[in-house]
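Residues per chain, in single letters:
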Amino acid sequence: MSFEPQKINGKFKGKDIVSLDQFSPKDIDILFGLAKKMQKIAYNGKPSDVLKGKIVTLIFYEPSSRTFGSFGASVKQLGGQTIDILNPQVFSSVSKGETLEDTIRVFEAYCDAIVIRHPVAGTAKIAAEAAKFVPIINAGDGIGEHPTQTLLDLYTIQEKEGKLNNLTGVMAGDLLNGRTIHSLLRGLSFYKKNTVYLLSPKELKLSKDDYKKFSSLGVKLVEIENDKDIPKNADFWYWTRTQKERFKSIKDYERLKTPFVVTKDLVARKAGKKTIIMHPLPRIGEIDPVIDSDPRAVYLSSQVRNGMYVRMALLSLIINGK
Ligand code: NCD
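Figured I'd write up the structure that's included with this text. It should be emphasised that the depicted structure is a prediction, and the values quoted were computed from it without experimental measurement.

## Focus: the pairing of strand β5 (residues 168–172)
Inference 1: Counted residue by residue, β5 has four buried out of five residues, so it is predominantly covered.
Inference 2: Pairing of β5 with strand β6 (residues 195–199) involves five bridges; the strand directions are parallel. The partner of T168 across the bridge, within β6, is T195.
Inference 3: Remark: the β5/helix α7 (residues 179–188)/β6 crossover connection has right-handed handedness.
Inference 4: Of the pairings in the sheet, the one linking β5 to strand β8 (residues 236–239) comprises four bridges and is parallel in character. Among the inter-strand pairings, A172 is bridged to a residue of β8, identified as W239.

## A closer look at helix α4 (residues 100–107)
Inference 1: Every buried residue of α4 is listed here: L100, T103, I104 and F107. Across the axial projection of α4, the buried residues extend over an arc of 95°, all falling on one side.
Inference 2: At its buried positions, α4 is contacted by β1 (55–60), β2 (81–86), β3 (113–118), α5 (123–130) and β4 (136–141).

## Quick look at the environment of D16
Inference 1: Tracing the sequence through the fold places D16 in the segment before α1 (25–42).
Inference 2: Given the relative accessible area of 13%, D16 is considered buried.
Inference 3: Each C-alpha atom, one on D16 and one on E129, is 9.3 Å from the other, the two residues being 113 residues apart in sequence.
Inference 4: Once you skip the residues sitting within four places of it in the chain, D16 turns out to touch F3, Q22, A128, V134, P135 and I136.
Inference 5: Side-chain polar atoms of D16 contact the backbone nitrogen of I136, separated by 2.9 Å.

Scoring rules and cut-offs
Residues numbered from 1 in each chain as written. Predicted model: local features only at pLDDT ≥ 70, side-chain atom pairs only at ≥ 80, totals over all residues. Heavy atoms only, no water. Buried < 20%, exposed > 50% of the residue type's maximum accessible area, 1.4 Å probe, protein only. Helix = DSSP H or I, 4+ residues; strand = E, 2+ residues; numbered from the N terminus. Pairing = 2+ DSSP bridges. Right-handed = clockwise from strand over helix to strand, strands pointing away. Arc of directions from axis to C-beta. Contact = heavy atoms within 4.5 Å. Polar contact = N/O pair within 3.5 Å; in protein donor to acceptor, adjacent residues only side chain to side chain.

Taken by themselves, the reported measurements are silent on function.
Set out below in structure tokens:
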């Protein structure tokens with residue numbers, strides 16, 4: 001039988017975090033409860049010993065500043081240390097032809113958990129299967145998933161809307177290649193009566209398989225290709241960038257680079273007083289910077305901060321069990 005990461009089922013200690021599918025709403029509640037406490041630790045200016053003596057390896061085969069920084073800050077906020085490996089394909093034995101499995105087996109000897117980002121979907125699962133002693137956390141595997149991004153996105157939605165069910169959202173941009181989209185749709189499907197309007201050009205729609213899979217999980221999907229069809233007063237907007245690195249042709253990329261932009265005009269026409277405007281970042285032009293000072297925009301404020309609290313909580317739960 002092929003390797004499947006274990007369901008959390010209320011017990012985080014030692015578990016790999018590969019996919020959102022491992023979580024239940026109860027697990028998410030446990031995590032969010034602790035994340036709330038982490039908020040206090042993060043800004044109290046005192047050293048924490050939650051991860052004292054612990055080492056987390058951050059191995060990133062793809063560029064990252066946010067997720068890498070967020071995990072690094074989370075470990076350090078809790079008194080732990082990190083081994084930072086950026087671009088191992090250039091700077092480590094990977095450049096000599098070492099397999100991913102060997103890299104993981106070596107680094108697990110040095111640390112208590114490994115956070116991995118890789119350009120190929122499914123790699124986090126392979127890493128989790130290879131590791132014998134420490135948990136693996138998926139920080140983005142190609143167009144596959146980005147579970148910790150979704151956990152912080154759900155935390156932010158819950159914080160602002162007070163619930164994770166009965167929501168109407170708009171997700172826009174590169175739905176075909178965006179792993180944050182794929183994980184967030186999984187997450188929203190755990191809760192009842194969520195409807196998501198999927199705004200993208202034809203070429204960047206969810207794949208047929210993903211559309212079927214997410215619809216069958218229970219989230220109602222409505223595909224639209226024009227911002228005129230955005231429903232008024234949605235609870236959240238989740239904009240994403242066109243994923244340049246997944247394109248074979250730069251010409252195609254240029255054509256599809258910024259299909260939909262959040263402008264003052266669009267916000268005035270379609271957003272409600274309580275619509276929150278989210279983005280996993282980096283943005284490359286799909287949100288006009290004039291929106292940044294709008295109190296409904298959370299992408300440079302609470303969404304980023306919440307990422308650290310949620311990752312602090314997750315690391316504490318999988319390394320310490322509490
Ligand atoms: C996202 C990613 O890497 O998938 N960024 C992130 O982790 N915050 C989104 C993106 O790169 O577009």
